[in-house]
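Examining the three-dimensional arrangement
One letter stands for each residue in the lines below.
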Amino acid sequence: MRGKSVYLDTSAILKRYLDEDGSDVVKELFRDAYRGEVKLAFSFWNIGEVIGTLDKKLRRGQLSKDEFDFLKKGFLAEVKRFTRLGVLEVVPVHSLLLADAWKLIERHPLYQADALQIVSAKYVGVESFYTGDKRLHDAARTEGLNSILLGGD
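Figured I'd write up the structure that's included with this text. Every chain's residues receive numbers from 1 upward, in the order its sequence appears when written. Note on the predicted model: pLDDT of at least 70 is required for a residue's local features to be given, and 80 or more for side-chain atom pairs to be given and counted; whole-chain, interface and lining totals, by contrast, use all residues. Heavy atoms throughout the structure, all of them, feed into the side-chain values; hydrogens and water do not.

**Some points on the overall build of the protein**
Note the threshold: Under the scheme used here, helices are H or I runs from DSSP no shorter than 4 residues and strands are E runs no shorter than 2 residues, and both carry numbers assigned from the N terminus. Burial classes: relative accessible area under 20% of the type maximum marks a residue as buried, over 50% as exposed, and values in between as partly exposed (1.4 Å probe, protein chains only). Contacts are assigned to residue pairs that have any heavy atoms within 4.5 Å of one another. Only the protein chains shown count as cover for residues, and the accessible areas themselves come from Shrake-Rupley with a 1.4 Å probe.
In terms of helices and strands, the protein carries seven helices and five strands. The N-to-C order of helical and strand elements in the protein reads β-α-α-β-α-α-β-α-α-β-α-β. Judged by the C-alpha coordinates and their principal axes, the protein covers about 40 × 40 × 30 Å. Buried residues in the protein amount to 44% of all 153 residues. Of all intrachain contacts in the protein linking residues separated by at least 6 positions in sequence, the fraction that spans at least 24 positions is 62%. Only carbon and sulfur atoms are counted for the fraction: they give 50% of the accessible area of the protein, which is about 8,100 Å².

**Section: the sheet that holds strand β5 (residues 147–149)**
Quick reminder of the rule: Paired strands, as defined in this entry, are two strands with at least two bridges between them according to DSSP. Only the stretch in contact is used when fitting a helix axis, every axis being a line fitted to C-alpha atoms; angles between N-to-C directions are given from 0 to 180 degrees.
Sheet architecture is open: five strands sit in the order β3-β2-β1-β4-β5, paired in parallel fashion. Of all strands in the sheet, those bounded by a partner on one side alone are β3 (88–91) and β5. Along the sheet, successive strands turn relative to each other by an average axial angle of 25 degrees, direction set aside. Sheet analysis places strand β2 (residues 38–43) next to β3, joined by four bridges and oriented parallel. Each residue of the ladder has a partner; that of Ser43, found in β3, is Val91.

**Thoughts on the nonpolar core**
Generally speaking, nonpolar side chains in soluble globular proteins are found buried as a group. To keep it simple, the criterion reads: In this description, a nonpolar core means a group of buried Ala, Val, Leu, Ile, Met, Phe, Trp, Tyr and Cys residues linked to one another through side-chain atoms lying within 4.5 Å.
If you look at the biggest cluster of nonpolar residues, it comprises 46 residues, and the most contacted ones within it are Leu8, Leu40, Phe42, Leu54, Phe75, Ile118 and Phe129. A per-element tally of this core places helix α6 (residues 112–124) first, with six residues. Look past the residues within four positions of Leu40 in its chain and what remains in contact with it is Val6, Leu8, Leu29, Phe30, Ala33, Phe82, Val87, Leu88 and Glu89.

Below, the structure is given as structure tokens:
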């Protein structure tokens, strides 16, 4: 596969399935991945975060049960499909990445999950890092990633 490789954090992945600022950019990345022009990457951790965020929206009445089921099934199907196509790398969560994340926590005001995003992106050597979280964006840039802020928190 030729083309660039990009890392999506949870806030970026969700823009694929929810209409938010920056959704157009993420949807274009997914279209490019379908064409084999872009390789996507995110952490195995993000899968649970995406489902958890959708579930929170369901519990708050922001999604119906049918909408929740549709979005969750669509997301998991795309993860499976993209992995089979070789245009998605799901980065495993392992002790070495977590230890590297702990070092970032000491340098930046980040949650462990956010620090894991930065070290996972660096681990797979992506060209760009997409997030909708300003604090994570700033830390990613400081850590040498080409971070692109989508919308912003």
